[in-house]
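# Descriptive structure summary
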Amino acid sequence: MNRSRLAWGFLLLPFPVAFAALMIGRYPIPPGEVWAVLVHALRDGVGRLLGLEVPPLEGVAPVVQSLILRIRLPRVGAAALVGANLAVAGAVYQGVFRNPLVEGRLLGVSSGAGLGAALALLLAPRPEVVQTLAFLGGLGGVGLTALLGWAFGAGVLVLVIAGVLVDSFLSAVLGIVKYVADPMGTLPAITYWLLGGLSAVRVRDLLPLGLASAVGLSFFLLVRWRVNLLTLADPEAEALGVSVRAMRYLVVAMGTLLVASAVSVGGIVSWVGLLVPHAARAIVGPDYSRLLPAAAGLGAALVLALDTLARTLLTAEIPLGVLTGLLGAPLFLLLFLRFLRERGGWR
Amino acid sequence: MRLWAKAVGYAYVPGKPVLRGISLEVGSGEALFLLGPNGSGKTTFLDCLGGLRRPVEGEVGLDGRPLSALSPRARARAIAYVPQFHEPPFNFTAWEVVLMGRAPYVRLLSQPGARDRQAADRALQTLGLSALRGRPYYTLSGGERRLVVVARGLAQGASFLLLDEPDAHLDPANQHRVLRAVGELLGTGLGVVVTSHSPNNALLYGSRVALFAQGRLLAVGSPGEVVTPPLLEQAYGIPFVLVGDGPRAVLPALT
């Protein structure tokens, strides 16, 4: 029961990190001012709902208020959601595909999203178009994989093979788009998008991401125990009364919603979906009842922290995907050695 | 209660039947052993009994109702299946594995409740496994793993327990431990179907034995009637001798 409380405690972890992230930056803001601005914004929002007049905030420069609410807060929110989405989807995919080394991007979501974003940057380079096409591309990639997998019998292995096929094909098409892109303007934009980052996030980007995350995350927090059953071999799960195929497709669809919405806003942020679930598993154990809340909190806090580093470490912004990659590989090696020790080797 | 099969036939590839015309039934408090050489269709038949495969011909049913008329959940509440191997990709504890047996009682968007947790505890207790409760599955011995999965079947609250070769890959002591524990459950009114490659385990622990050969039922009856050298030779194709006069056993006859 104690580990269960710990697991839910992880959901609180992103809040202090987010608060720190609002303070830190090229223009540091003292905690008192951040607090005052947040409280006032909340009061203002509630007041507006009730039709009450709330006086403007005194004592904090308007430019600081606007910096917190319009620049940093959307970015902080996006970072937390991207982290939670990737971590939860990764944890779920590792169970559904009975493979501890996969993550949410297994089924072609990132190559699809990358292709969508690249097409948008080539044809209609506006942020909302890029985000929409990236999202649709991600869904399309996984849809193609699911269609292929269904045609060949919907087994786990078939789905993974279909994912590899689709991923490779879409990457090749992305190559064509890059080839025809203008090497002075569009090509760097595509490359930068693919590296992943949240520097372009504005308030309006949060609505679609927030909606998709709300649907996907609450679905997984509700079915969390049942995800355990999908880690069983198909006949075993069926013998327990689980409709394996339907459940697997539903779970993959929800996972895709999470990953596609994250990728469409943050580009390709590597390692989080692989690393965070294992870290959470090491702390709260493999039971999805505890694993999913822990992974969500840990993922959100981690991406928040890394994104804050990405925008403050150097004078120029470091792409978030590069930072997660640099940190992810060595951290994963540590976790993997632990995993091998626990299992007594690779079977 | 009765779990029955009437003229069941099955084919993985159309036109190449692996099971033909099998009629068998098992009642509460009875242990039916399915014997037969590799590829004789006994595991396929077990899958049909458990509702994991739908027979191509004939029908499987529970009391008056065909199994196909039951929802997967209703079926899982009546029939539990213990696979030969249970290898979770993650190191769940014994208790977490047993709790999964409550799946047919937990609705899609809800969590196992106090009753489910009690059922899991009771199942471990019944099999004398309470000490293993918090142990990670991968630290358990082969015999303990098998028993934990049997406990999952008990937590399922089913009236029939189907076990696929529960004695495979276990040393004699562990085979005994698993089969005796299953035998003790018969007293609680559970019906059990066991596939096995050991005629002697069928002699020791079976109430009835069905002998399969090439997808057909060669013989069915009490262990003493079926586990005999002539019938075994017919099924397995080598001569056997019956030894011992108290507890009896069969051995391949050396020539």
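Residues numbered from 1 in each chain as written. Chains lettered and ligands numbered in written order. Predicted model: local features only at pLDDT ≥ 70, side-chain atom pairs only at ≥ 80, totals over all residues.

## Here's the deal with the overall build of chain A
Under the convention used in this document: Each helix corresponds to a stretch of at least 4 residues labelled H or I by DSSP, and each strand to a stretch of at least 2 residues labelled E; elements are numbered beginning at the N terminus. C-alpha atoms define the radius of gyration in this analysis, and the globule rule sets the expected value at 2.2 Å times the number of residues to the power 0.38. Each residue is classified by how many other C-beta atoms fall within 10 Å of its C-beta atom, where C-beta atoms are placed from the backbone; a count of 20 or more means buried, 12 or fewer means exposed, and values in between mean partly exposed. Note on contacts: each residue gets a C-beta atom placed from the backbone, and two residues are in contact if those atoms are within 7 Å.
Along chain A, the regular secondary structure elements total 14 helices and 0 strands. Mapped in sequence order, the helices and strands of chain A form the string α-α-α-α-α-α-α-α-α-α-α-α-α-α. Its C-alpha atoms give chain A a radius of gyration of 21 Å, near enough to 20 Å, the size a compact globule of 347 residues would have. Counting only C-alpha atoms, chain A reaches 65 × 55 × 45 Å along its principal axes. Taken over 347 residues, chain A has a buried fraction of 49%. For chain A, the proportion of contacts with a sequence separation of at least 24, taken over those separated by at least 6, is 78%.

## A few points about the overall build of chain B
Scanning chain B for helices and strands turns up 9 helices and 12 strands. Taking 255 residues into account, the globule formula puts the C-alpha radius of gyration at 18 Å, and chain B, at 18 Å, falls close to it. Per-residue burial over chain B gives 45% buried out of 255 residues. Sequence separation of at least 24 residues holds for 64% of the intrachain contacts in chain B that already meet a minimum separation of 6.

## Concerning the confidence of the model for chain A
Convention followed: pLDDT measures how confident the predictor is about each residue, on a scale from 0 to 100.
Averaged over chain A, the pLDDT score is 89; the fraction of residues at 70 or greater is 98%. The least confident element of chain A is helix α14 (residues 320-343) of chain A, whose mean pLDDT is 82; the most confident is helix α2 (residues 14-23) of chain A, at 96.

## Brief notes about the interface of chain B and chain A
Put simply, the test is: Gly falls in the polar group here, along with every residue not listed as nonpolar (Ala, Val, Leu, Ile, Met, Phe, Trp, Tyr, Cys, Pro) or charged (Asp, Glu, Lys, Arg).
Between chain B and chain A, the contact holds 25 residues from the first and 26 residues from the second. Of the residues contributing to the side of chain B that touches chain A, the split by class is 17 nonpolar, 5 polar and 3 charged.

## Brief notes about the packing of helix α4 (residues 62-96) of chain A against helix α11 (residues 244-266) of chain A
All names here are of chain A. How we decide: Note on method: axes are straight lines fitted to C-alpha atoms, helices fitted across the in-contact stretch only, with angles between N-to-C directions ranging 0 to 180 degrees. Note on angle classes: values under 35 degrees are labelled roughly parallel, values over 145 roughly antiparallel, values of 65 to 115 roughly perpendicular, and the remainder oblique. Handedness of a crossing is defined here by the sense of rotation of the near helix relative to the far one, left-handed for an anticlockwise turn of less than a right angle and right-handed for a clockwise turn.
Where α4 meets α11, the axes come as close as 9 Å, and the angle between the chain directions of the two elements is 150 degrees. When the interaxial angle is binned, α4 and α11 end up roughly antiparallel. Here the hand of the crossing between α4 and α11 comes out left-handed. Between α4 and α11, the residues in contact are Ala78, Val82, Asn85, Leu86, Val88, Ala89, Val92, Tyr93 and Val96 and Arg248, Val251, Val252, Gly255, Leu258, Val259, Ser261, Ala262, Val265 and Gly266, respectively. Each residue belonging to the contact of α4 with α11 can be placed in one class, and the counts come to 14 nonpolar, 4 polar and 1 charged.

## Structural notes on the sheet that holds strand β1 (residues 2-13) of chain B
All names here are of chain B. Put simply, the test is: The criterion for strand pairing is that DSSP finds at least two bridges linking the strands in question.
Read from one edge of the open sheet, 4 strands run β2-β1-β4-β5, paired in antiparallel fashion. Edge positions in the open sheet fall to β2 (16-27) and β5 (65-66), since each of these has one partner strand only. As paired strands, β1 and strand β4 (residues 57-62) are joined by 5 bridges and run antiparallel to one another. Of the residues in β4, the one forming a bridge with Trp4 is Gly61. Strands in contact with helix α1 (residues 42-49) are β1, β2 and β4; relative to β1, the strand with the most contacts, it is inclined by about 125 degrees.

## Regarding unusual backbone geometry
The residue Arg98(A) is not glycine, and still its phi comes out positive at about 45 degrees. Exposure remark for Arg98(A): the 18 C-beta atoms within 10 Å place this residue in the partly exposed category. Although it is not a glycine, Ala7(B) adopts a positive phi angle of roughly 50 degrees. The exposure class assigned to Ala7(B) is exposed, which follows from the 12 C-beta atoms found within 10 Å.

## Re the nonpolar core
Quick reminder of the rule: Note on terminology: a nonpolar core is a set of buried residues of type Ala, Val, Leu, Ile, Met, Phe, Trp, Tyr or Cys, with members joined through C-beta atoms within 7 Å.
Grouped together as the largest cluster of nonpolar side chains are 179 residues, with contacts concentrated most on Val88(A), Ala295(A), Val98(B), Ala151(B) and Leu162(B). Take this core: its biggest share by element is 17 residues, from α4(A). Residues within four places of Ala151(B) in sequence aside, it is in contact with Val98(B), Ala123(B), Leu124(B), Leu127(B) and Leu129(B).

## So, the sheet that holds strand β9 (residues 208-213) of chain B
Residue and element names in this part refer to chain B. Strand order in the open sheet formed by 6 strands is β6-β7-β8-β3-β9-β10, and the pairing between neighbours is mixed. Either end of the sheet is taken by a strand with one partner, and the two such strands are β6 (79-82) and β10 (216-221). Going from strand to strand, the sheet's axes swing by 15 degrees on average, the running direction of each strand aside. With 4 bridges joining them, strand β3 (residues 31-35) and strand β8 (residues 191-195) adopt parallel strand pairing. Bridged to Leu34 within β8 is Thr195.

## Considering the pairing of β2(B)
All names here are of chain B. Judged from the 8 bridges that link them, β1 and β2 form a sheet pairing that is antiparallel. Across the sheet, Ala11 pairs through a bridge with Pro17, a residue of β2. Counting the residues that bridge the hairpin from β1 to β2 gives 2 residues, and of these Gly15 lies at a positive phi of roughly 90 degrees.

## Looking at the packing of helix α9 (residues 203-230) of chain A against helix α13 (residues 288-312) of chain A
Residues and elements named next belong to chain A. As a packed pair, α9 and α13 sit with axes 7 Å apart at the nearest point and diverge in direction by 145 degrees. For the pair formed by α9 and α13, the contact residues are Leu217, Phe220, Leu221, Arg224, Trp225, Val227 and Asn228 on the first element and Tyr288, Ser289, Leu292, Pro293 and Ala296 on the second. Classifying every residue of the contact of α9 with α13 gives 9 nonpolar, 2 polar and 1 charged.

## Remarks on the environment of Leu258(A)
All names here are of chain A. With respect to the helices, strands and loops of the structure, Leu258 is situated in helix α11. Looking at Leu258, the number of C-beta atoms within 10 Å reads 30, which means it is buried. Note: C-alpha distance between Leu258 and Ile268 (10 residues apart in sequence) is 13 Å. With near-sequence residues (within four places) excluded, Leu258 lies in contact with Asn85, Val88, Ala89, Gly104, Ala212, Ser213 and Gly216.

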